[in-house]
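Chain by chain, the residues run as shown.
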Amino acid sequence: MNLTLHVWRQKGPEAKGELETYQAKNVSEDQSFLEMLDDVNEDLIKAGKDPIAFDHDCREGICGMCSQVINGKPHGGQERTTVCQLHMRSFNDGDEIFIEPWRAKAFPIHKDLIVDRNALEVIMQAGGFTSCHTGGVADGNALLIPKPVADYAMDAAECIGCGACVASCPNSSAMLFTSAKVAQLAVLPQGKGEAKARVKNMTETMLSEGFGNCTNHYECQEACPKGINVKFIATLNREYIKSFC
Amino acid sequence: MHLITSSVGRKLLMAVTGMMLVGFITVHLLGNLSIFAGSEAINIYAEKLHSLGPIVWIFRLIMLGLFAVHIALGIQLTMENSSASPEAYAIKARLKTTFAAESMIYTGLILLAFLLYHLLHFTVQVVHTDAVATLQPLVNGRLNVFAMVGNSFNSAFVSIAYVVAMCALFLHLSHGLQSFIQTLGLNNGPSQDKVSAIGKLVAIFFGLAYIAIPLAFLFHIVKI
Ligand code: HEM
Ligand code: FES
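Since the model is a prediction, treat every value here as computed from it, not as a measurement.

## A few points about the overall build of chain A
Thought 1: Helix and strand counts for chain A come out as nine helices and seven strands.
Thought 2: Seen through its principal axes, chain A has C-alpha atoms that stretch 60 × 40 × 35 Å.
Thought 3: A burial count over chain A gives 53% of its 245 residues as buried.
Thought 4: Nonlocal contacts in chain A, meaning residues at least 24 apart in sequence, comprise 70% of its contacts between residues at least 6 apart.
Thought 5: When the accessible surface of chain A is totalled, it reaches about 11,000 Å², and 50% of it is carbon and sulfur.
Thought 6: Positive and negative side-chain charges of chain A, numbering 24 and 32 respectively, have mean locations separated by a distance of 6 Å.

## A few points about the packing of aromatic side chains
All names here are of chain B.
Thought 1: Evaluation of the coordinates by the stated rule reveals 13 aromatic pairs over all chains.
Thought 2: When the centroid spacing of 5.0 Å and the interplanar angle of 90° are considered together, the rings of Phe114 and Tyr162 count as edge-to-face. Within this pair, whereas Phe114 is found in helix α6 (residues 104-123), its partner Tyr162 is found in helix α9 (residues 156-183), the two being separated by 48 residues in sequence. Take Phe114 and Tyr162: they sit in the same class, and that class is buried.
Thought 3: When the centroid spacing of 4.9 Å and the interplanar angle of 80° are considered together, the rings of Phe153 and Tyr162 count as edge-to-face.

## Quick notes on the site of ligand 1
Thought 1: In the neighbourhood of ligand 1, 24 residues make up the surrounding shell, with Lys11(B), His70(B), His172(B), Ser179(B) and Thr183(B) lying closest.
Thought 2: Residues close to ligand 1 are split across chains A and B.
Thought 3: One of the side-chain nitrogen or oxygen atoms of Lys11(B) is found 2.6 Å away from an oxygen atom of ligand 1.
Thought 4: Ser179(B) is positioned with one of its side-chain polar atoms (N or O) 2.8 Å from an oxygen atom of ligand 1.
Thought 5: Counting residues per element, the ones that place at least two in the shell around ligand 1 are α2 (7-32), α4 (54-84), α6 and α9 of chain B.
Thought 6: It is α2(B) that provides the largest number of residues to the shell around ligand 1, a total of seven residues.
Thought 7: Partitioning the shell around ligand 1 into residue classes produces twelve nonpolar, eleven polar and one charged.

Conventions we followed
- Residues numbered from 1 in each chain as written.
- Chains lettered and ligands numbered in written order.
- Predicted model: local features only at pLDDT ≥ 70, side-chain atom pairs only at ≥ 80, totals over all residues.
- Heavy atoms only, no water.
- Helix = DSSP H or I, 4+ residues; strand = E, 2+ residues; numbered from the N terminus.
- Buried < 20%, exposed > 50% of the residue type's maximum accessible area, 1.4 Å probe, protein only.
- Contact = heavy atoms within 4.5 Å.
- Areas by Shrake-Rupley, 256 points an atom, 1.4 Å probe, with all protein chains shown as cover.
- Lys, Arg positive; Asp, Glu negative; His and termini not counted.
- Charge placed at Lys NZ, Arg CZ, Asp CG, Glu CD.
- Phe/Tyr/Trp six-rings, centres within 6.5 Å; stacked < 30°, edge-to-face > 60°.
- Near = heavy atom within 4 Å.
- Polar contact = N/O pair within 3.5 Å; in protein donor to acceptor, adjacent residues only side chain to side chain.
- Nonpolar A, V, L, I, M, F, W, Y, C, P; charged D, E, K, R; others polar.

Structure below.
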C-alpha cells in the first residue's frame, strides 16, 4: 500500500517545528509502524536528507520507549498496543497519517518525535520506591500477600512509563502514571510504611515538574497501551486523604 | 497548607465545595417547586425563610465562602492546566472525554454570571422592577412572591435566560457529579461507567426540574 505521512519535524528543543509531508511507498501490511518509518528513513538517507528521529528500543511492547501520536491518538489508538506493536494492516492504501510527538510542557521536544520524559523519572525519585533492606533472597512464603492484592498490584505494575497518559490528557496531567506507582506500592506490605510521604511527595513533584491537574477526563485510560484503569487514580486520591489521618 | 497548594488537595476542595453547592441547589429546588402547589405555597415558604433572621445571613455567608473557594480554585486549576499543555496537536481525537468535561470552566462562568443576575433579580430586586412591584399588595398578609416570579417568567427574555443558565447547570453537573465520586476516591473500576451514567441522570433531573419553573409560567401551565 501507499501512504501519505504528515510528520512533525523539529531540529532541536529551541527550533520551530512543523509538519512535513512524505510518501511511504510499497508498504507491506505485515510491517510494524516503526518498520514502515525505517523504510521512509532509508529513502531519506539515500536522498541525503535528515531521517525522522523517533524513540524506540525493545520493539516488543514492554520498554515504553516508542511514543508517537498517530492521527490524534497516542500509540495510534489500537487497544492495548504500543506504536512498535501497531501493524500496517490497521491502515488502508491511500491513507493520510499524521504523526506527532507527545505534547506537554513537562515533555520538551528533543528532536522531531523524540521528547524528554525525564520528568516521569523525577516523580519516581520522589517516592516510587520502598526503603527496605533487601538482604538475601527472601523465603518464598515468608511474607503472605493475598492473591487479590497481588493481582491488584500487578495490574498497576503493568505501567511501562511511556507517557501516553500525559500525551492524551487535555491537562497534560501525569495522574495515571503517578497513581499506578502509588497504588502498586500502597497495597503491598513493603510499601505501606512510606505510603503517606509517598503520595504527598509524588503528587507534589507532579506539579513542580510542570504537569497539569487531573480533572477526570479519563482520556488516559483509553490511551494507555497497558490498559491501566483510572481506578488507580481513585486509589491515589484515597491514599492522599488517608495521608492526613 | 498542603491541602490548598497541592494538585490533589485543591481538587478535593473543589469536589467538596462543589458537592455542598449541589446540596444547596437541591434544597433550593425543593423550595422552588412549591410553585406547582398553588399560589400560596411559595409565599408561605418565603415568609418562613425570612423569619429566620440572622440564620439567613449566616447561611448566605457560608454560601459566599463556598462559591469563593470553588470559583477561585476552578479558575486557578484551569489556568495551570492550560499552561501545562501549551502546544496543541494538529489532530486530536477525543477518546473518552465529553463536551461537558471540556467546558467545565465555561459552564461554571455562565453559572457565576447567572448567579449574579439571579440575585439582582429576586434577592436585591433591582432588575425587572415591574414584576417586583407585584410583591405589593400583600396577599393574606404575605409578600406575593408567586406573582413576582410568575410575572418575571411571563417575559420570554427572562425565561430564556433562566433556561440557558440551567442548561449550563445540567452540563456542569453531568461531569461534576461523577467527578466528585472519583476525586473522593470512591471509584473501584467496574463502578466507573455506572457512576457516570447515574451522574448524568441526576444532572438531567436537576436541569429539567429547574427549567420546568420558567417554562410553566411562560406557557401558562401555571397561571398567576
Ligand atoms: C450552582 C453552582 C455550582 C455547582 C453545584 C457546582 C458543582 C461542581 C461539582 C460537583 C464539581 C466537581 C468537583 C470535582 O471535580 O470532583 C465542580 C467542578 C468544577 N466547577 Fe463547579 N459548581 C458550581 C458553580 C461553579 C462556578 C460558578 C464555577 C466558576 C468558575 C465553577 C467551576 C468549576 C470548575 C472549573 C470545576 C472543575 C472541573 C473539573 O474538575 O473537571 N463551578 N463543580
Ligand atoms: S519500543 Fe519498547 S514498547 Fe515500543
